[in-house]
Amino acid sequence: MPKIQVKKGSVFVDMTAMCDVSFLLLTFFILTAKAKPMEPVEVMTPSSIVEIPVPDVNVITIMVDKAGRIFMGMDNVDGARQRWLDNLNTQFKMNITAPNQVNNFINGGVIPVSAKELPTFLAAEAEAKKKMIETTKGIPADVENSDANELRWWIYNARAANQKAVVVVKGDKKAPYAIIKQVMKTLEKQGVSRFSLLTSQGSRD
Amino acid sequence: MAEIAENPQGGGGKKGRSKKPSPRVDLTPMVDLAFLLITFFMLTTSLSKPKAMEIALPDTENIPVDPPPVDDDVVMTVLLAPKNVVLYYFGSPEKAAADPNGIKSTTFDKESGIRKVILDKKKAVAALPNGLGIDSKKNNKTMVLIKAVDSSVYGNMVDVLDEMHIADIKFYAILPISEPEKTLVDNSMKKVVQK
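Basis of the calculations
- Residues numbered from 1 in each chain as written.
- Chains lettered and ligands numbered in written order.
- Predicted model: local features only at pLDDT ≥ 70, side-chain atom pairs only at ≥ 80, totals over all residues.
- Heavy atoms only, no water.
- Helix = DSSP H or I, 4+ residues; strand = E, 2+ residues; numbered from the N terminus.
- Rg over C-alpha atoms; globule rule 2.2 N^0.38 Å.
- Buried < 20%, exposed > 50% of the residue type's maximum accessible area, 1.4 Å probe, protein only.
- Contact = heavy atoms within 4.5 Å.
- Axes fitted to C-alpha atoms, helices over the stretch in contact; angles between N-to-C directions.
- Parallel < 35°, antiparallel > 145°, perpendicular 65-115°, else oblique.
- Left-handed = near helix turned anticlockwise from the far one by under 90°.
- Core = buried A, V, L, I, M, F, W, Y, C linked by side-chain atoms within 4.5 Å.
- Pairing = 2+ DSSP bridges.
- Buried area = accessible area lost by both parts, 1.4 Å probe.
- Salt bridge = Lys/Arg side-chain N within 4 Å of Asp/Glu carboxyl O.
- Polar contact = N/O pair within 3.5 Å; in protein donor to acceptor, adjacent residues only side chain to side chain.
- Expected span 1.5 Å × (residues − 1).
- Arc of directions from axis to C-beta.
- Right-handed = clockwise from strand over helix to strand, strands pointing away.

Chemist: Lay out the overall build of chain A with the relevant residues and their values.
Modeler: When helices and strands are counted, chain A shows 7 helices and 5 strands. Radius of gyration (C-alpha) of chain A: 24 Å, far over the 17 Å computed for a compact globule of 205 residues. C-alpha atoms of chain A, sized along the principal axes, occupy 105 × 45 × 35 Å. Burial statistics for chain A: of 205 residues in total, 45% are counted as buried. Nonlocal contacts in chain A, meaning residues at least 24 apart in sequence, comprise 67% of its contacts between residues at least 6 apart.

As C-alpha cells, then:
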C-alpha cells in the first residue's frame, strides 16, 4: 500500500500581520520617545510611592551625586539659560562670551563644575571634560560660611533668570545627609521652603 | 522573493495566458528592521518618568512667640543613624534618655521595621481617651519628628518620608538634630554594633 502522502504546506508564513504589529509598536515608541537627558554623573534616585510627576519645563535641578558633590542645572525655556549665564557672568566676574562656550553652556544640561572651573570646562574638549567631571568637587555649599557658599549664588541667579521655576533636588540614594542638609539650608535661606525631592517609582527592597 | 500562491481549485487558470507574478512580497526583512528599530526606541526611551516628592521646610523666621503646647503622647521622634539603622523614641527626649529602654532601634524592613512602629503609634494615638489623638478635622494627630545625623544617607531620609506617605501621617517635620540626641545615636549605635 502506498504511503499516504501528506500534502506539504507552504513553508512561507504570511508576514503581513506581524509587520503591521511591529510597525504599530514602532510608531508608538517613536511618538513616546524622549531622549534621556544628558547627565554628567550617574545618580540613582531613591524610590517612593508618590505619584506626582516632575514638570517638564521651568525646573531648576540641584543634583547631588554619590560622593556628595553638588551640581546645578536648569531647563532652557524662553532663553532662561542665556539669562542665567549672563547673571553668573556678572556674579562671579567671569567673561564667558565666546560662542562655543555659550553654546556649551546653553545646551549643557546639568553643569558638572563649580564657577571657578566653568570657563575652562566650557572651552574644553570632550576628553578633558570627562576628566574634569571626575576630579571636580562640585559647587561648594558651606552653610556656616556664607561667603564660601557658592551654591546660593547659583540658585539665586537661576531663580532670577526664570522666576516661574520650581526647585527639584535630585539626590543619590547614597549621598551623605550632611550635604543634603547643606542644600536644604541653602534653599531655606533663599526663601525656597517648598521644593521637590526627585524619586523613582517602585517599591524599595 | 515571492511566494507562489497555490491554488488547489485551479479556478480560472487558463491555459496559454502568461503567468502573472504573485503580488505577495516576503516581508521578513521588513519585520526584522521594524523590530530592530523598536528595540532601539525601547532602550532609549525613559518610560518611567521620575516622580517628585513635595517637601516643605518649616518657617524658621516667623516662629510664633508662644507656640501651642504639644501633647507628649502624640509625638514620636525618628532618628536616622548610619548603616540603615533607625532609632525612635516616644514623647520628650529627656524622658526617653532617662529610660534605659526609651530608645529603640529598628530597620527599614517592610513587615517588622519602622513602618509597623509608625502604624502602631498611629493606632495608639487614635485610641487616646477623650479624642485627644484626633483633631477637629478627624485627622490623626500623630506627630513624627525626623532627625538625621550627618553620617546617615539621603536615601534613608527619603525612605522615612515615604513611610509618612504610606502611613498617612499629616504632621511631620525634618528637624536639625540636637547634641543630646547625637550622643543618644552614638550610644545606641555602639549597642547595635555589639549585637
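Chemist: Break down the packing of helix α1 (residues 16-32) of chain A against helix α1 (residues 28-44) of chain B for me, with residues and values.
Modeler: At a minimum axis separation of 9 Å, α1 of chain A and α1 of chain B run at an interaxial angle of 25 degrees. Compared by their axis directions, α1 of chain A and α1 of chain B come out roughly parallel. Read as a crossing pair, α1 of chain A and α1 of chain B show a hand that is left-handed. Counted together, M18, C19, S22, F23, L25, L26, F29 and I30 of chain A of α1 of chain A and M30, V31, A34, F35, L37, I38, F41 and M42 of chain B of α1 of chain B form the full contact between these two elements.

Chemist: Give a detailed account of the nonpolar core, specifying residues and quantitative values.
Modeler: M72, F195 and L197 of chain A together with M157 of chain B are the most contacted members of the largest nonpolar core, which totals 73 residues. For this core, the element with the most residues is helix α4 (residues 154-167) of chain B, which contributes 7 residues. Non-local contacts of F195 of chain A, meaning those with residues more than four positions away in its chain, are made with V167, V169, M184 and L187 of chain A together with M53, E54, I55 and L57 of chain B. Ranked by size, the runner-up nonpolar core spans 12 residues in total, among them A96, V149, I177 and M189 of chain B.

Chemist: A description of the sheet that holds strand β2 (residues 75-80) of chain B should follow, citing residues and the corresponding values.
Modeler: Residues and elements named next belong to chain B. Pairing is mixed in the open sheet, where 5 strands are placed in the order β4-β3-β2-β5-β6. Of all the strands in the sheet, just β4 (104-106) and β6 (171-175) have a single pairing partner and so form its edges. Looking at each pair of strands side by side, their axes are set apart by 25 degrees on average, direction ignored. Bridge count for β2 against strand β3 (residues 86-90) is 5 bridges, and the pairing is antiparallel. Opposite V78, over in β3, you have Y88 as the bridge partner. Those strands touched by helix α3 (residues 114-126) are β2, β3 and β4, and its axis lies near 170 degrees from that of β2.

Chemist: Describe the interface of chain B and chain A, naming the residues involved and giving the relevant values.
Modeler: Contact residues are listed per partner, giving 49 residues for chain B and 50 residues for chain A. Regarding the contact of chain B and chain A, the summed buried area is about 4,800 Å², with carbon and sulfur atoms giving 65% of it. Interface area lost by chain B to chain A is led by K51, L57 and Y154 of chain B, which between them contribute 17%. Where chain B packs against chain A, one counts 1 salt bridge. The partner of D150 of chain B in a salt bridge is K181 of chain A, with the nearest N and O atoms 2.8 Å apart. At the boundary of chain B with chain A, the tally comes to 9 residue pairs in polar contact (both at pLDDT 80 or more).

Chemist: Outline the environment of D120 of chain B, listing residues and values.
Modeler: Within the secondary structure layout, D120 of chain B lies in helix α3. The spatial distance from the C-alpha of D120 of chain B to the C-alpha of A167 of chain B is 10.0 Å, given a sequence separation of 47 residues.

Chemist: Give me the lowdown on α1 of chain B, citing residues and values where you can.
Modeler: In this model, α1 of chain B (17 residues) spans 25 Å end to end at C-alpha, consistent with the 24 Å of a helix rising 1.5 Å per residue. The complete set of buried residues in α1 of chain B reads V31, A34, I38 and F41 of chain B. One side of α1 of chain B holds all its buried residues, which, seen down the axis, span an arc of 90 degrees. Turned more than 90 degrees away from the buried face of α1 of chain B sit P29, D32, L36 and L43 of chain B, all of them exposed. Looking at the packing, one finds that the buried side of α1 of chain B touches α1 of chain A.

Chemist: Go over the side chain of K170 of chain A with me, naming the residues and quoting the values.
Modeler: You can see K170 of chain A is positioned in strand β4 (residues 166-171). Excluding residues that lie within four positions of it along the chain, K170 of chain A makes contacts with E39, V43, T45, T61, I62, M63, V64 and L198 of chain A.

Chemist: Help me get a handle on the pairing of strand β5 (residues 143-148) of chain B, residues and values and all.
Modeler: Residues and elements named next belong to chain B. The buried fraction of β5 amounts to 5 of the 6 residues, a majority that puts the element mostly inside the structure. Pairing analysis gives 6 bridges linking β2 to β5, with the strands arranged parallel. Its bridge partner lying in β5, V78 is registered against I146. Sheet topology places β5 next to β6; 5 bridges connect them, and they run parallel. For I146, the partnering residue across the bridge sits in β6 and is I174. In this region the chain leaves β5, passes through α4 and returns to the parallel neighbour β6; the handedness of that crossover is right-handed.

Nothing here speaks to function; it is geometry throughout.
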